[in-house]
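Observations on chain architecture
What follows is each chain in one-letter form.
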Amino acid sequence: MGDILIVDDERDIRELIGDILEDEGYTCRRAANSHDCMAEIEKSPPAMMILDIWLKDSDMDGIDILKIAKRDYPGMPVIIISGHGNIEIAVAAIKQGAYDYIEKPFNIDQLMVVIGRAMETSKLRRENVELKRRDVEPPELIGSSPAFRGLKASLDKVTRSNGRVMLTGPSGSGKELAARYIHANSGRADFPFITVGAAAIEPDRMEEVLFGRETERGSEPGLLEEADGGVLFFDEIADMPLGTQSKILRVLVDQAFTRVGGTEKVKVDIRVISSTNRDLAALAEEGMFRQELYHRLAVVPIEVPALDDRREDIPELAEFFLSMFNRTQGLPLRRLSEEAQAMLQTMIWPGNVRQLKNMVERVLILGEDKGDITAAELPGSEAGPSEEQGRVVLSGSLAMLPLREARELFEREYLLTQINRFGGNISRTANFVGMERSALHRKLKSLGVVTTSKQGARIAHLDEQPVG
């Protein structure tokens, strides 16, 4: 869970805190004086430090150590404890960057709550720093299919405005990448992009994480303040607690909020982008999501297509991931064979672009060091030994059908897959399967396969009332 350094000249206190934290799953180190403390920090900076103000037999007191720790390791949260505390010491500790200040004798439950909050805050800050680091290069949108071109055209339009955008689409389709593209190409590109994972934050901590908190010992900014001037991205907004939704609605109206435990208004200038993989309008109708908040967030709704709706982009996306993993991880630089490209385009992708990315990484890690990637290397491939090539393994359900029904079922699924692989282009499909275009049209009609337009692309599916 985390490495915590406990610094106190009283052995009983060190052992008591350490034993309790270790029972909770933390790793603890202990130091009795400033010399041992600095030696431990230099050896390996801890994730957090619990620091006594007064240290016997030491060259430095807690405030001196705190100054050095915050100078050299600004991301390390430090909790100050003391049995000789007063308000001046508390103010001095907070001004020097301490996360919080607790007087002895302290309540262990109280200490555990403060430690939990400090660790979570530190984790969120590290994640946001990492996300900012990844964004040194502008996010790349990859594709050329009609569905992709329609998406990119919509995103390019909203970069020039300050309107709130609601990105919809299935998990793994690239909603956060789309949000980052809007930010990187807008007038707010030089300001922060802060992600709020609504499902990843405990409901009873949501308000504190967003708005920050204020106590007698000082104030701590939340993610809204960190996003000031930039973009706040609510990832999977449907998971946000209803109570928090009403307060976010007020922020959108006033561009101001009050920290938890505070009374003063804090002004911010933020652009809000949100995402969801659920039908938020239906949830709002059912009272599961605040309707007014939905309408304020969905000023500009943009649908991010599933990978199944942009199969033409799969080879281009896969080649991009192959190059990226070579550049960032040093994995072998390989290319996809034509057979591998065709197989990827005919597979089912419930995890969308994220699933494709993970599959490419897996193939590079487990596969050969050179040469083209073959269809046999792809997870889910049914290719067998060389002497078995040319055979097709039937599913149990298909093998139990009479020949006529099995052939019809196979032809229907085969042609559905090929049409979608070629983005609904009947001419290209006919050329690949070796049929005249008119003959293919007749065959599709007999099988009950139709094509309709979706986000600028033609998608094949079964007619509700198939013919023949």
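See the structure above.
Owing to the predicted nature of the structure, the values given are computational and were not obtained by experimental measurement.

**Quick look at the packing of helix 13 (residues 314–329) against helix 15 (residues 352–366)**
At a minimum axis separation of 9 Å, helix 13 and helix 15 run at an interaxial angle of 50°. When the axes of helix 13 and helix 15 are compared, the pair comes out oblique. As for the relative orientation of helix 13 and helix 15, their crossing is right-handed in sense. Residues Ile314, Leu317, Ala318, Phe321, Leu322, Met324, Phe325 and Gln329 of helix 13 pack against Val353, Leu356, Lys357, Val360, Glu361 and Leu364 of helix 15. For the contact of helix 13 with helix 15, the per-class residue count stands at 11 nonpolar, 1 polar and 2 charged.

**With respect to the sheet that holds strand 14 (residues 300–303)**
If you walk across this open sheet you meet the 5 strands as 7-10-13-6-14, and the pairing is parallel. Whereas interior strands pair on both sides, the edge strands pair on one side only; in this sheet they are strand 7 (193–197) and strand 14. Averaged over all neighbouring strand pairs, the angle between strand axes comes to 20°, with direction disregarded. The pairing of strand 6 (residues 165–168) with strand 14 spans 4 bridges and is parallel. Counted as the bridge partner of Met166 is Pro301 from strand 14. Seen against the sheet, helix 6 (residues 146–159) touches strand 6, strand 13 (271–276) and strand 14 and runs at an angle of roughly 155° to strand 14.

**Side note on empty space enclosed by the protein**
For the coordinates displayed, the defined rule picks out 3 cavities of 30 Å³ or more. By volume, the largest cavity is sized at about 120 Å³. Along its surface, the largest cavity is lined by 14 residues, and Thr121, Glu208, Val209, Glu220 and Pro221 are the ones closest to its centre. Going through the elements one at a time, helix 5 (108–134), helix 8 (206–211) and helix 9 (223–226) are the ones with two or more residues in the lining of the largest cavity. In terms of residue class, the lining of the largest cavity is built from 5 nonpolar, 3 polar and 6 charged.

**Notes on the sheet that holds strand 1 (residues 3–7)**
Read across the open sheet, the 5 strands follow the order 2-1-3-4-5; overall the sheet is parallel. This sheet does not close on itself; its edge strands, each paired only once, are strand 2 (27–31) and strand 5 (100–103). Taken pair by pair, the neighbouring strands of this sheet meet at an average axis angle of 20°, ignoring direction. With 5 bridges joining them, strand 1 and strand 2 adopt parallel strand pairing. By the bridge assignment for strand 2, Asp3 is matched with Thr27.

Reading the values: rules and limits
Residues numbered from 1 in each chain as written. Predicted model: local features only at pLDDT ≥ 70, side-chain atom pairs only at ≥ 80, totals over all residues. Heavy atoms only, no water. Axes fitted to C-alpha atoms, helices over the stretch in contact; angles between N-to-C directions. Helix = DSSP H or I, 4+ residues; strand = E, 2+ residues; numbered from the N terminus. Parallel < 35°, antiparallel > 145°, perpendicular 65-115°, else oblique. Left-handed = near helix turned anticlockwise from the far one by under 90°. Contact = heavy atoms within 4.5 Å. Nonpolar A, V, L, I, M, F, W, Y, C, P; charged D, E, K, R; others polar. Pairing = 2+ DSSP bridges. 1 Å grid on protein atoms, 1.4 Å probe; cavity = no way out; pocket = protein on both sides within 12 Å on 5 of 7 lines; lining within 4 Å. Points joined across faces, edges and corners; volume = space filled by probe spheres on them.

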